[in-house]
Amino acid sequence: MFNLFKKGKPCTTVPGGKSLRLWVEEALESKVAIGHFNISNIEGFWAVVRAAEVVSHEAGRQIPVIIGVSEGERDFVGVSQVRSLVDSYRAQTGNPVFLNADHTYSFERVKEVVDAGYDAFIYDGTEQSFDENVSATRKCVQYARSVAKAQGRDILIEAEIGFIGKSSKVLDGIPEGVKISEEFLTKPDEARAFAVATGIDMIAPAVGNIHGMLKGGKDPALNIARVSEISKATSLPLVLHGGSGNSADDFRLAIDAGVAIIHVNTELRVAFRDALLAQVSAHPDEVAPYKIMRPTVEAMQKVIEEKLRTFNKVR
Ligand SMILES: [Zn+2]
């Protein structure tokens, strides 16, 4: 059987010598998914790593997590500062926490995160034509591979075909330009041609998923048959974006069909906002930021723990 996903090697720059590629390989084999959670601030960071600690303890094994930062999120936290945060946590605990540059729309911004030492990035050329997306993705792949080789480390590269919307917010309806009926989903043969032409490691398809979350918290069901077809056609791990609002059953089916990483952002943003509003209105005289913000960490952590249990089949 052909396999476009390159085998991982032990690496000295990551906890326990186990790179994100090796974790992804293992996730595919054991049919679990690695949780990818976006952060915008230190509260988000602690919510992710503490949730992973709790669920690792419950599972009796290390549960890896990926911290995601979009262009806007990493500009707010600091492109290299968030890298240092993850590094210092990894050095102190040895826990498998990885850093991903989520949706990155230009080569310049890809270069920035590759140079800053991120473990993974997503080049998002979904608003370009297929051919433009291929050539822009190839440029990013070539640069990242050469830097990774020179530094003796690994970088996982993800790209997308099929448009699922852009914003991580609560939506009144399906985002403009996103079509979830079958003919608009990512086509397996196109995904394979894209993977072969670009040399990427992972592919983010449109399989009925949407960025953001519909009001009421329930998104349309995923097209699991399509997930499975794309997985077989590409032989690459699939990354499911827009995981907010999808059901635990849908996640389990998608994982069994070849999804190795699942992104969640909007549900965390909602948990953060709700906890903050509640805390400020309950204690309007409180001015210590760490007291005001503490419930936001707890609220996001709770959401992440539950997702990690589902993704990693921990019960
Ligand atoms: Zn996404």
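Each remark here, short or long, concerns the structure printed above.
Residues numbered from 1 in each chain as written. Predicted model: local features only at pLDDT ≥ 70, side-chain atom pairs only at ≥ 80, totals over all residues. Heavy atoms only, no water.

### Things to note about the packing of aromatic side chains
To describe a pair of aromatic rings, you give the distance between the ring centres and the angle between the ring planes. Selection rule: Stacked, edge-to-face and tilted are the three classes for Phe, Tyr and Trp ring pairs, Trp counted by its six-membered ring, which pair at centre distances within 6.5 Å; planes under 30 degrees apart are stacked, over 60 edge-to-face, the rest tilted. Comment: elements are numbered from the N terminus, with helices defined as DSSP H or I runs of at least four residues and strands as E runs of at least two. Each residue is placed in one exposure class: buried if its accessible area under a 1.4 Å probe, protein chains only, is under 20% of its type's maximum, exposed if it is over 50%, and partly exposed if it falls in between. To sit over a ring, a charge needs its Lys NZ or Arg CZ within 6 Å of the ring centre and within 35 degrees of the ring normal.
In the structure shown here, the tally under the stated rule is six aromatic pairs. Seen in terms of ring centroids, Phe 45 and Tyr 89 are 5.9 Å apart; in terms of plane orientation they differ by 85°. Their pairing is edge-to-face. Within this pair, whereas Phe 45 is found in helix α2 (residues 42-59), its partner Tyr 89 is found in helix α4 (residues 79-93), the two being separated by 44 residues in sequence. Tyr 89 matches Phe 45 in its accessibility class, with the two residues each being buried. Arranged with centres 5.9 Å apart and planes meeting at 65°, the rings of Phe 130 and Phe 194 form a pair that is edge-to-face. One end of the pair, Phe 130, is in helix α6 (residues 130-151); the other, Phe 194, is in helix α7 (residues 188-198), and 64 residues separate them in sequence. Judged by its relative accessible area of 0%, Phe 194 is buried. Members of the aromatic cluster, joined through ring pairs, are Phe 45, Trp 46 and Tyr 89. The ring of Trp 23 carries the charged tip of Lys 18 above its face, separated from the ring centre by 3.6 Å.

### Let's talk about the coordination of the zinc ion
Here is the rule: Each metal's donors are the N, O and S atoms within 2.8 Å of it, or within 3.2 Å when it is Na, K or Ca, and because water is not part of the set, sites may look incomplete.
Only His 103 (NE2), His 211 (NE2) and His 241 (ND1) from the protein reach the zinc ion as donors, at distances of 2.0 Å. Between the donor residues of the zinc ion, the gaps in sequence give the motif H-x107-H-x29-H. With a gap of 138 residues between them, His 103 in strand β3 (residues 97-104) and His 241 in the loop between β9 (238-240) and α9 (248-256) connect regions that are remote in the sequence. For the pair shown, His 103 and His 241 are each scored as buried.

### Let's talk about α2
For the record, the criterion: Working rule for helices: expected span equals 1.5 Å times residues minus one. Any two residues whose heavy atoms approach within 4.5 Å at even a single point are treated as in contact.
Its 18 residues place the ends of α2 26 Å apart at the C-alpha level, agreeing with the 26 Å of an ideal helix rising 1.5 Å per residue. By the burial criterion, the buried members of α2 are Glu 43, Gly 44, Phe 45, Ala 47, Val 48, Val 49, Ala 51, Ala 52, Val 55 and Ser 56. The elements touched by buried residues of α2 are β1 (34-38), β2 (65-69), α4, β3 and α11 (289-311). Two residues or fewer past α2, Gly 60 is found with a positive phi of approximately 70°.

### What to know about the pattern of salt bridges
Selection rule: The term salt bridge refers to a side-chain nitrogen of Lys or Arg lying within 4 Å of a carboxyl oxygen of Asp or Glu.
Summed over the entire model, instances satisfying the criterion amount to 23 salt bridges. Of the charged contacts, one joins Lys 18 and Glu 26 as a salt bridge, the two residues approaching to 2.6 Å between their closest N and O atoms. With its nearest N and O atoms 2.7 Å apart, the salt bridge here joins Glu 73 to Arg 269. With a gap of 196 residues between them, Glu 73 in helix α3 (residues 71-77) and Arg 269 in helix α10 (residues 266-282) connect regions that are remote in the sequence. When salt bridges that share partners are traced, they join Glu 58, Glu 305, Glu 306, Arg 309 and Arg 315 into one network.

### A word on the pairing of β3
Applicable threshold: Being paired, for any two strands, means DSSP has found at least two bridges between them.
Burial analysis of β3 places eight of its eight residues in the buried class, the great majority of the element. Relative to strand β4 (residues 120-123), β3 runs parallel, the two being bridged by three bridges. Bridge pairing in β4 links Asn 100 to Ala 120.

### Remarks on the packing of helix α5 (residues 107-115) against α6
Our working definition: Working convention: axes come from line fits to C-alpha atoms, limited for helices to the stretch in contact. Angles between N-to-C directions cover 0 to 180 degrees. Should an angle fall under 35 degrees it is taken as roughly parallel, and over 145 as roughly antiparallel, whereas 65 to 115 is taken as roughly perpendicular and any remaining angle as oblique. Working rule for handedness: look at the near helix, and if it is turned counterclockwise from the far one by less than a right angle, call the crossing left-handed; if clockwise, right-handed. All amino acids are sorted into three groups, where Ala, Val, Leu, Ile, Met, Phe, Trp, Tyr, Cys and Pro are nonpolar, Asp, Glu, Lys and Arg are charged, and the leftover types, Gly among them, are polar.
Two elements in contact, α5 and α6, have axes separated by 10 Å at closest approach and are oriented at 15°. The pairing of α5 with α6 is recorded here as roughly parallel in orientation. In this structure, α5 meets α6 at a crossing whose hand is right-handed. Counted together, Phe 107, Val 110, Lys 111, Val 114 and Asp 115 of α5 and Lys 139, Cys 140, Tyr 143, Ala 144 and Val 147 of α6 form the full contact between these two elements. For the contact of α5 with α6, the class distribution of residues is seven nonpolar, no polar and three charged.

### A short note on the environment of Ala 271
The residue Ala 271 is located in helix α10 in this model. C-alpha separation for the pair Ala 271 and Ser 281, spaced 10 residues apart in sequence, amounts to 16 Å.

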